[in-house]
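This is what each chain is made of:
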Amino acid sequence: MRNLLMTVSYDGTNYYGFQTQPGGNTVQDHLEAAIYGLTGEQVKIHGSGRTDAGVHARQQPFNFPTAAKIPVERWCLALNSRLPSDIRVTSAREVPLSFHSRRSAKRKTYRYTINGNRFPDVFQRNYQLHHYGRLDIEAMRLGLAFLVGTHDYTSFASRYSTKPSHVRTIYDARLEVDTSPDASGSEGQGIIHFYFTGNGFLQHMVRIIVGTVLEIGEGKRKPEEIPLILEARSRAAAGPTAESKGLMLWSVEYEEKALLM
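Residues numbered from 1 in each chain as written. Predicted model: local features only at pLDDT ≥ 70, side-chain atom pairs only at ≥ 80, totals over all residues. Heavy atoms only, no water.

An unreviewed UniProt entry lists the chain under the name tRNA pseudouridine synthase A, with Paenibacillus oralis as the source organism. The UniProt entry for the chain carries this comment under Catalytic activity (unreviewed entry): "uridine(38/39/40) in tRNA = pseudouridine(38/39/40) in tRNA". Its UniProt record gives the chain a comment under Sequence similarities (unreviewed entry), which states: "Belongs to the tRNA pseudouridine synthase TruA family." (UniProt positions renumbered as here; feature names shortened; annotations may be inferred.)

Structure (structure tokens):
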């Protein structure tokens with residue numbers, strides 16, 4: 001048996017997230033069907049994590065065991081020919097049998113994008129939350145700074161989270177504004193990207209953080225409220241959950257020694 005690690009990119013607009021759900025139509029379902037069509041093996045792939053319905057991925061690793069003798073360099077093209085056009089496998093490599101894409105992950109980065117211009121971009125509407133209205137960018141940056149570190153993020157987790165612990169570490173939480181001519185197709189504040197890097201994230205965590213920080217940008221909250229929200233350990237203390245379409249799994253990092261055969 002071989003253990004193959006692959007990276008998939010997908011537009012999550014039409015899917016119920018990455019991980020298999022009772023209702024079907026997930027990215028995992030399509031990947032497993034493509035593998036079956038190629039090898040005849042009914043494998044269960046292991047994703048680096050789950051994503052919500054409508055969330056996208058620039059780079060999402062997954063691994064699975066296979067007895068197929070197909071050379072590793074042929075897997076991407078072979079699977080992509082069997083996948084919908086909005087799901088693409090972009091890399092493949094053999095890793096030790098002990099490797100697990102979720103348990104072996106050390107750092108994950110998510111990006112959330114807001115279109116701060118007057119009109120939504122018709123071509124990017126599925127990947128950006130449109131927010132026309134002045135936002136206090138510096139106040140939002142201050143709010144993000146309070147989130148960095150190791151905290152109990154219960155206030156920023158779904159009420160339905162089943163994780164035994166809500167303690168996570170956020171290494172970096174930053175905001176970038178793109179006001180280049182290509183990004184600011186209409187008058188406004190340009191395209192606002194939030195980046196979050198941590199050792200793991202809870203259900204809806206990034207979207208709740210963004211919804212809360214947006215309220216800071218709108219002047220409804222002060223940046224200094226973030227520590228109090230964390231302290232409350234109550235979902236009711238934080239802001240709304242931002243729409244899923246603006247969220248993208250950006251990257252997942254592993255220690256090189258975990259990948260070496």
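1. Re the pattern of salt bridges
Once the charged atoms of two side chains with opposite charge are near each other, the side chains can pair. Counted under the stated rule, the structure contains twelve salt bridges. R207 is paired through a salt bridge with D52; the nearest N and O atoms lie 2.9 Å apart. Remark: D52 occurs in the loop between β2 (46–47) and β3 (56–66) and R207 occurs in helix α4 (residues 205–217); sequence separation between them is 155 residues. Judged by relative accessible area, which is 12%, R207 ranks as buried. One salt bridge in this structure joins E218 and K220, with 3.2 Å as the shortest N-O distance. (Salt bridge = Lys/Arg side-chain N within 4 Å of Asp/Glu carboxyl O. Helix = DSSP H or I, 4+ residues; strand = E, 2+ residues; numbered from the N terminus. Buried < 20%, exposed > 50% of the residue type's maximum accessible area, 1.4 Å probe, protein only.)

2. Some remarks on the environment of A57
As for its position among the elements, A57 is in strand β3. Look at A57 and you get buried, because its relative accessible area is 4%. Sequence-distant contacts of A57, defined by excluding residues within four places in its chain, comprise V8, S9, Y10, M248 and L249. (Contact = heavy atoms within 4.5 Å.)

3. What to know about the UniProt feature "domain: Pseudouridine synthase I TruA alpha/beta" (unreviewed entry) in the chain
UniProt tags residues 8–101 and 147–255 as "domain: Pseudouridine synthase I TruA alpha/beta" (unreviewed entry). End-to-end, the C-alpha atoms of residues 8–101 are 12 Å apart, and along that stretch the chain is 20% helix and 27% strand.

4. Re the pairing of strand β9 (residues 188–198)
Within β9, ten of the eleven residues are buried, which leaves it mostly tucked inside the rest of the structure. Inspection of the sheet shows strand β5 (residues 107–117) paired to β9 by nine bridges, in the antiparallel sense. Note on β9: the bridge partner recorded for T109 is T197. Of the pairings in the sheet, the one linking strand β8 (residues 167–178) to β9 comprises eight bridges and is antiparallel in character. Looking at β9, one finds that R174 is bridged to Y195. (Pairing = 2+ DSSP bridges.)

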